[in-house]
Each structure stands twice: as C-alpha cells, then as structure tokens.
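Topology and contacts: notes
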Amino acid sequence: MNLPINHVKQALKAGKLQLGMNFGQLRSSEIPRLLAAAGFHWAFIDTEHGGFDLETVQDVCRVSTAAGLCPVVRVVDLHYGLVARALDSGAQGIIFPRMEDPKLLETALSWTKFPPLGVRGYGLQPSQTSYSTLSFNEIIEHLNANTLTVLQIESKRAVDAREEILAVPGIDAVMIGPADLSISLGVPGDFQHPKMVEAMEAVRDTCERRGIAPGTHTRNPGLARFWKARGMRFLGCGSDIAYLWDKAAETAKAVLDE
C-alpha cells in the first residue's frame, strides 16, 4: 500500500493557491469529509486555541487524510513532544505559532524530519504508515518529503525580523496571524488598516524572494479574496464554529424576522 502524498505541499511548490480553514471546536470526524467535499484543500487543527485532546487530533487526522484533506496541526508551543506526537498521530504538517527567534525555528524545524535531515524519533505504528511494507529508509524518505512546515508571523517584532527568520532553511509556508499582528501594530481587529497591509505585504515579498509560500488566515470571504488578489497562496478562511454560527444566524433571521 502506498503512503499518502501531501498534495498541498506539492501544489504550493508549483505556485498554486491552497484554501484552508481553522478547525478546533466541533469534535466530529465527519467535518473533514464535509470540508474536502466542499472544496477545501487543508485545515489546521488548532491545539493552541482549540479544545481538542490528542485522541481527537488522531481521529481527525486519519479521517482527513482518507478524505483527501491535508491535516495540519497548530501546536500550542514550540516543544519537541507536542510536534512529534502530532506527527505520529497523523498530521501531514505542523504550524509553529508566535515565531520570532530564528535559532528556535531552526531547532523546531528539525523536530519535523527524521535523520539525517532532522532529529525526529522513529516510533511509527502500522496504522500511521497505512500498513505499508516499505522499508524504514523508504518510509523516512517519503515522510521527510511530505511533511509540511508552516510558521506564523504574529507580531511587529517578527515582521521586523522577517529577513532573518525566513532565511532559515526548510520552511514551506507562512501563515500570518492577523489578529495578534493587528494588536501588536496598535490597530486591533482592523485587518485592512494601512499598517496591516504594509506589514503583511512586506512578509509576502520576503517569502516570494526565498521560495516560501506566503499566506494568512482570514475571517470572511471578502478578506480572503483581498489577500488572494495580493498573492497569498496558503490561504485560510473561517472556522468550524464560525461557519455553523453564520448559517444558524442567517436561518434564524430569515425565519423569525418575517
């Protein structure tokens, strides 16, 4: 049996837009199937601000991969055990939040790869390798090539240090965190403020020069289209709870306000 290919990583390398969303509140493994059918390419499973435990993460990752949706886990902190266990649970990528230190980023990236490219420990179970009969070397080579690495730039300090941060080898994509960045820039929640646009475009330009896919998360389709037009390719829009709220509120208003 063949190991799964990370189609999002391949598409980003080819310069294509990949659409994702935030998933961390509704504990249902049916949601990845729904998202894949709706046309999403990836979802980040949010263990930083979401409430999922490791067993839920594992269930969601396995269903996501089977459905053709790339599961990317945002860890709560830069710690080897959090990264390794997320990957061993089936994550096809890791998002590192609040990145400001190039040296720490270099160390964190090493946790996502097996030797000789990194220091990830080998403890894979048959279910994690699709019951493959491939050799250790074949599995290691495949997983090293198919694990997506994403960092978040979420502060003015990180924007100012972007050249040094993004010079670290092994970064596949950036997902700018607009909420925390807007707070850091003194314009909380004003996502199209000139300070925000200037900072995000500066990060985008550095990403493009270094062959890294630029991206951000957005809260609605209007903002997503705004940043799509400006070259963001690892593009997130919305969340599981927001989609349910938006449709529920729309339905209640349409029926009760008649």
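Structure's up top.
Remember, predicted model here, so these are calculated numbers, not experimental data.

**Topic: the pairing of strand S2 (residues 42-46)**
For S2, the buried fraction is high: five of the five residues fall into the buried class. The side-chain alternation of S2 yields two buried faces, one formed by Trp42, Phe44 and Asp46 and the other by Ala43 and Ile45. Relative to S2, strand S1 (residues 18-23) runs parallel, the two being bridged by four bridges. Counted as the bridge partner of Phe23 is Ile45 from S2. Running through helix H2 (residues 31-38), the crossover from S1 to the neighbouring parallel element S2 is right-handed. Across five bridges, S2 lies against strand S3 (residues 70-74) in parallel orientation. Pairing of Ile45 across the sheet is with Val73, part of S3. Handedness of the crossover joining S2 and S3 through helix H3 (residues 54-67): right-handed.

**Some remarks on the packing of H2 against H3**
For the pair H2 and H3, the least separation of the axes is 8 Å and the interaxial angle reads 30°. Considered as vectors, H2 and H3 are oriented roughly parallel to each other. Where H2 crosses over H3, the handedness of that crossing is right-handed. Residues Pro32, Arg33 and Ala36 of H2 touch H3, and the partners they reach there are Val60, Val63, Ser64 and Ala67. Broken down by class, the residue content of the contact of H2 with H3 amounts to five nonpolar, one polar and one charged.

**Re the state of the cysteines**
Put plainly, two cysteines are in a disulfide when a covalent bond ties their sulfur atoms together. Going through the model one piece at a time under the given rule, you end up with zero disulfides. As a non-bridged cysteine, Cys207 has Cys70 as the owner of its nearest cysteine sulfur, 18 Å distant. Judged by its relative accessible area of 0%, Cys207 is buried.

**Brief notes about the pattern of salt bridges**
Scanning the entire structure with this criterion turns up 17 salt bridges. Linking Asp46 and Arg74 is a salt bridge whose minimum nitrogen-to-oxygen distance equals 2.7 Å. Within this pair, whereas Asp46 is found in strand S2, its partner Arg74 is found in strand S3, the two being separated by 28 residues in sequence. In this structure, Asp46 and Arg74 share a single accessibility class: buried.

**Re the environment of Gly24**
One can find Gly24 in the loop between S1 and H2. As for Gly24 and Ile241, which are separated by 217 residues in sequence, their C-alpha atoms are 8.3 Å apart. Those residues in contact with Gly24 that lie beyond four places of it in its chain are Asp46, Gly50, Gly51, Phe52 and Asp240.

**Side note on the side chain of Ser64**
The topology assignment puts Ser64 in helix H3. The class for Ser64 is buried, based on a relative accessible area of 2%. Not counting the four nearest positions on each side in its chain, Ser64 is found in contact with Pro32, Leu69 and Pro71.

**Topic: the sheet that holds S1**
In spatial order, the strands read S6-S5-S4-S3-S2-S1-S8-S7; together these eight strands make up an open sheet with parallel pairing. Sheet topology places strand S6 (173-174) and strand S7 (215-218) at the edges, where each strand pairs with a single neighbour. Sheet analysis places S7 next to strand S8 (residues 234-239), joined by four bridges and oriented parallel. Each residue of the ladder has a partner; that of Thr218, found in S8, is Cys237. Lying over the sheet, helix H12 (residues 240-256) contacts S1 and S8, oriented at roughly 50° with respect to S8.

**Examining the nonpolar core**
With 55 residues, the main nonpolar core has Val73, Phe96 and Leu151 as its most contacted residues. Once residues within four sequence positions are removed from consideration, Val73 is found in contact with Ile45, Thr47, Val57, Cys61, Ala86, Ala91, Gly93, Ile94 and Ile95.

Criteria and cut-off values
Residues numbered from 1 in each chain as written. Predicted model: local features only at pLDDT ≥ 70, side-chain atom pairs only at ≥ 80, totals over all residues. Heavy atoms only, no water. Buried < 20%, exposed > 50% of the residue type's maximum accessible area, 1.4 Å probe, protein only. Helix = DSSP H or I, 4+ residues; strand = E, 2+ residues; numbered from the N terminus. Pairing = 2+ DSSP bridges. Right-handed = clockwise from strand over helix to strand, strands pointing away. Axes fitted to C-alpha atoms, helices over the stretch in contact; angles between N-to-C directions. Parallel < 35°, antiparallel > 145°, perpendicular 65-115°, else oblique. Left-handed = near helix turned anticlockwise from the far one by under 90°. Contact = heavy atoms within 4.5 Å. Nonpolar A, V, L, I, M, F, W, Y, C, P; charged D, E, K, R; others polar. Disulfide = S-S within 2.5 Å. Salt bridge = Lys/Arg side-chain N within 4 Å of Asp/Glu carboxyl O. Core = buried A, V, L, I, M, F, W, Y, C linked by side-chain atoms within 4.5 Å.

Keep in mind that these numbers describe shape and distance, not what the molecule does.
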